[in-house]
Amino acid sequence: MKTHKGAAGRFEVTKKGKLKRRRSGHNHILEKKSSKRKRRLNTETTIHANDQKRVMRLLGVK
C-alpha cells in the first residue's frame, strides 16, 4: 500500500512508535493570541490513541 502523502507531511513516528503532530491554531491571526497561548501551540504533541491505528495505516507503518 502506498503512503498517504498528506498524512506523511503531518505526522512523524517517534522511536517508541508513538505519533507526533503539530497543534492547530499557530499559523495566522497571531496578534490577538497571548504569548503564553502561542508558546503552548508551538509545541508538538502525540495523537490520541483512538486515531493511532488509522494514521499508522496511512503512513504504512506496521
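Treat the numbers as computed from the prediction; the structure is a model and nothing was measured.

Turning next to unusual backbone geometry. The phi angle at Ile29 is positive, at roughly 55 degrees, despite the residue not being glycine. Secondary-structure assignment places Ile29 in the loop between strand S2 (19–21) and helix H2 (35–41). Look at Ile29 and you get partly exposed, because its relative accessible area is 48%.

So, about the pattern of salt bridges. What the rule picks out here adds up to 2 salt bridges. We note a salt bridge from Glu44 to Lys20, for which the minimum N-O separation is 3.1 Å. Of this pair, Glu44 sits in the loop between H2 and strand S3 (45–46) while Lys20 sits in strand S2, and the two are 24 residues apart along the sequence. Residue classification places Lys20 among the partly exposed positions, given a relative accessible area of 27%. Close ionic contact of Arg54 with Asp51 constitutes a salt bridge, the shortest N to O distance being 2.7 Å.

Averaged over all residues, the pLDDT of the chain equals 96, while 100% of them reach at least 70. Highest mean pLDDT in the chain belongs to H2 (98); lowest belongs to helix H3 (residues 49–59) (96).

Calculation notes
Residues numbered from 1 in each chain as written. Predicted model: local features only at pLDDT ≥ 70, side-chain atom pairs only at ≥ 80, totals over all residues. Heavy atoms only, no water. Helix = DSSP H or I, 4+ residues; strand = E, 2+ residues; numbered from the N terminus. Buried < 20%, exposed > 50% of the residue type's maximum accessible area, 1.4 Å probe, protein only. Salt bridge = Lys/Arg side-chain N within 4 Å of Asp/Glu carboxyl O. pLDDT = per-residue confidence, 0-100.

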